[in-house]
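Chain by chain, the residues run as shown.
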Amino acid sequence: MPAVMPFRAEIDLVGCEVDGRVPDELNGAFYRVGPDFQYPPKFPENIPFDGEGHVSMFRFSAGRVDLKSRYVRTQRFKLQRRAGRALFGMYRNPFTDDAGLENVSRGTANTTVVYHAGRLLVLKEDSPPVAMDALTLDTTDDYVTFDGKLTSQTFTAHPKFDPETGEMIAFGYEAKGLGSDDVAIITIDRAGNLIRESWIKVPYVGMLHDFAVTQSHIAFLAIPMAFNLEQMQAGGVHFAWDSTLPSWFGVMRRHGDGSDLRWYKGPERCATHVMGAWSDGDRCYVDMDMARKNQFPFFPNLHGEPFDPAGAAGVVTRLSVDLAKKSDTYDMQALYPDNGVLPRQDDRYQTIPYRYGFMPTVDLSVPPHPAVAGRPFRPNNCYTKFDHATARTQTYRAGDTVALQECCFVPRRPDAPEGDGYILGMAEQLLECSRSDLLILDTADLEAGPIATVRLPFRIFGQIHGWWVPADALPGA
Ligand SMILES: [Fe+2]
């Protein structure tokens, strides 16, 4: 049995039970996606990240909430359904697959769901996007190539959206095949056409989960979560943490061809998600959830070090470089003491200077509840709003029997000021067999707790990332 219990059921729940009142202005759909093993994994030691993508949609309208969920019909899902069992082996390791699957996409579409140019795209960083109908959640394209123009074999789960041009900017790593040091940088225009693909190289091949895009720069952080062929050939997962490697912060001009890319060295660090990023002349700033050590207990430490929960604690850290200066290293500054992961921002401020961020955090002031004993991490039990203008935070504390997933910001109105609106986030009730609630909080007073709670009568699959689409952008609006 995998460490995380699969859910496996597709849901149509009409008229969810709600405590409190859902604001009428919250009108649209909250999509979320996470890994959910379609069948018992081929190898019991496989990791939760390898479950098949399962998308849920909370449709909000006039205070009412309906829930629908569907597995993404990836190439892999369809073949496995025909076989009635798992055919693909360990996480991102084709050496462990059944024979004859070499020409099938291994992509699980389990990491992020975004909406661009009228299409719902479900993303996993080892493969091209998969498209779903935004209302029915039927899979409409199991291998999106943007009319054949995408030559990269991979596409990040963290594209960025330029509020001024409407462009979606993405990248793919290991983009020319397993273990390749090639990274493609991809620009899709507001109509959904791929208009540019440029190429760079990385200092070493490893997990390149997220990146930063500003109005004038593109930045990457390479971390020591390194591709490990030997481990894969021995039947293991794709990555191992090599603590002897430095981190590298790479910055290039956004509208160039990548030939001006410069890599700045830093110490061993782990950071996987960007809260926000902007440029000020020649300076480029990127805020990330950064830790000193490997943050993933299921990716082994190459040199045998035990997993270090204290070293894995992430804090919001500002990385920066001044491209006009001669320097071989990047600057970093921890901004707040709060521990957490999976930062988000008001997505209308991607690529431009921003003030507010949001992140699930851990309340270390109370001892862990016995219900979470034995977990490598204490679950996040708070949502924190970060105000970079004042360096102050506001925190909602959910208590010690609740585990909170990533939160997603929704503006109160299309023209609301930055950070003014709601955050939505799933809560597992640990003393109720992890029954799930969707919490709705008002960012004007986060500490007051949820203004409404959508109570599900069951535990739903865990989420990696979620995305809000306002009603007027949905099909048929
Ligand atoms: Fe992510």
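Located above this text is the structure these notes cover.
Residues numbered from 1 in each chain as written. Predicted model: local features only at pLDDT ≥ 70, side-chain atom pairs only at ≥ 80, totals over all residues. Heavy atoms only, no water.

Caption draft 1: Layout of the overall build of the protein chain. Helices and strands together make up the secondary structure of the protein chain, namely two helices and 32 strands. Its C-alpha atoms give the protein chain a radius of gyration of 21 Å, near enough to 23 Å, the size a compact globule of 477 residues would have. The C-alpha extent of the protein chain, read off along each of the three principal axes, is 55 × 55 × 50 Å. Evaluated residue by residue, the protein chain yields a buried proportion of 61% over its 477 residues. Across the protein chain, contacts joining residues at least 24 apart in sequence account for 61% of those joining residues at least 6 apart. Carbon and sulfur atoms make up 51% of the accessible area of the protein chain, which totals about 18200 Å². (Helix = DSSP H or I, 4+ residues; strand = E, 2+ residues; numbered from the N terminus. Rg over C-alpha atoms; globule rule 2.2 N^0.38 Å. Buried < 20%, exposed > 50% of the residue type's maximum accessible area, 1.4 Å probe, protein only. Contact = heavy atoms within 4.5 Å. Areas by Shrake-Rupley, 256 points an atom, 1.4 Å probe, with all protein chains shown as cover.)

Caption draft 2: Structural detail: the sheet that holds strand β26 (residues 382-387). Reading across from one edge, β24-β25-β26-β27 is the order of the four strands in this open sheet, with antiparallel pairing throughout. Single-partner strands in this sheet number two, and they are β24 (344-345) and β27 (392-397). As defined by bridge partners, β26 adjoins β27 across six bridges and the pair is classed as antiparallel. Each bridged residue has a counterpart across the sheet, and for Cys 382 the counterpart in β27 is Arg 397. (Pairing = 2+ DSSP bridges.)

Caption draft 3: Quick look at the coordination of the iron ion. Donor atoms from the polypeptide that bind the iron ion are His 158 (NE2), His 209 (NE2), His 273 (NE2) and His 465 (NE2), placed at 2.0 to 2.1 Å. Donor residues binding the iron ion come from one chain and are separated in sequence as H-x50-H-x63-H-x191-H. With His 158 in the loop between β9 (139-141) and β10 (160-161) and His 273 in strand β20 (residues 270-280), the pair connects residues that are 115 residues apart, well separated along the chain. Note on accessibility: His 158 and His 273 belong to one class, buried. (Donors = N, O, S within 2.8 Å, 3.2 Å for Na, K, Ca; no water.)

Caption draft 4: Fine view of the pattern of salt bridges. Under the counting rule described, the total for this entry stands at 34 salt bridges. The salt bridge involving Arg 76 is made with Asp 50; its shortest N-O contact spans 3.5 Å. Linking Arg 76 in helix α1 (residues 75-83) with Asp 50 in the loop between β3 (28-36) and β4 (52-61), this pair joins segments that are 26 residues apart in sequence. No difference in accessibility class separates Arg 76 from Asp 50, as the two residues are buried. (Salt bridge = Lys/Arg side-chain N within 4 Å of Asp/Glu carboxyl O.)

Caption draft 5: Quick peek at the sheet that holds strand β7 (residues 119-123). As summarised here, the arrangement of the four strands in space is β6-β7-β8-β9, forming an open sheet in which the pairing is antiparallel. A single partner strand is all that each edge strand has here, and the edge strands are β6 (112-116) and β9. Within the sheet, the average angular offset between the axes of one strand and its neighbour, ignoring direction, is 40 degrees. Sheet topology places β6 next to β7; five bridges connect them, and they run antiparallel. The partner of His 116 across the bridge, within β7, is Arg 119. (Axes fitted to C-alpha atoms, helices over the stretch in contact; angles between N-to-C directions.)

Caption draft 6: Broad picture of a nonpolar patch on the surface. Where nonpolar side chains cluster on the molecular surface, the patch consists of Phe 95, Leu 178 and Leu 229 and spans about 270 Å² of accessible area. Tracing the backbone through its elements, the reader meets Phe 95 in the loop between α1 and β6. (Patch = residues over 30% accessible without salt bridge, like charges linked within 9 Å, V, L, I, M, F, W, Y side chains within 5 Å.)

Caption draft 7: Region of the structure containing unusual backbone geometry. Phi at Arg 8 takes a positive value of approximately 75 degrees, unusual for a residue other than glycine. Relative to the assigned elements, Arg 8 resides in the segment before β1 (12-13). At Ala 391, a residue that is not glycine, the phi angle is positive and equals roughly 60 degrees. Relative to the helices and strands, Ala 391 is located in the loop between β26 and β27.

Caption draft 8: Focus on the nonpolar core. Counting residues in hydrophobic clusters, the biggest one holds 43 residues, and the most contacted among them are Phe 220, Leu 221, Phe 249, Val 286 and Phe 299. Looking at this core element by element, the count peaks at five residues for strand β15 (residues 217-222). What Phe 220 contacts, discounting residues up to four positions off in sequence, is Phe 171, Val 183, Ile 185, Ile 200, Leu 208, Phe 211, Trp 248, Phe 249, Gly 250 and Trp 263. (Core = buried A, V, L, I, M, F, W, Y, C linked by side-chain atoms within 4.5 Å.)

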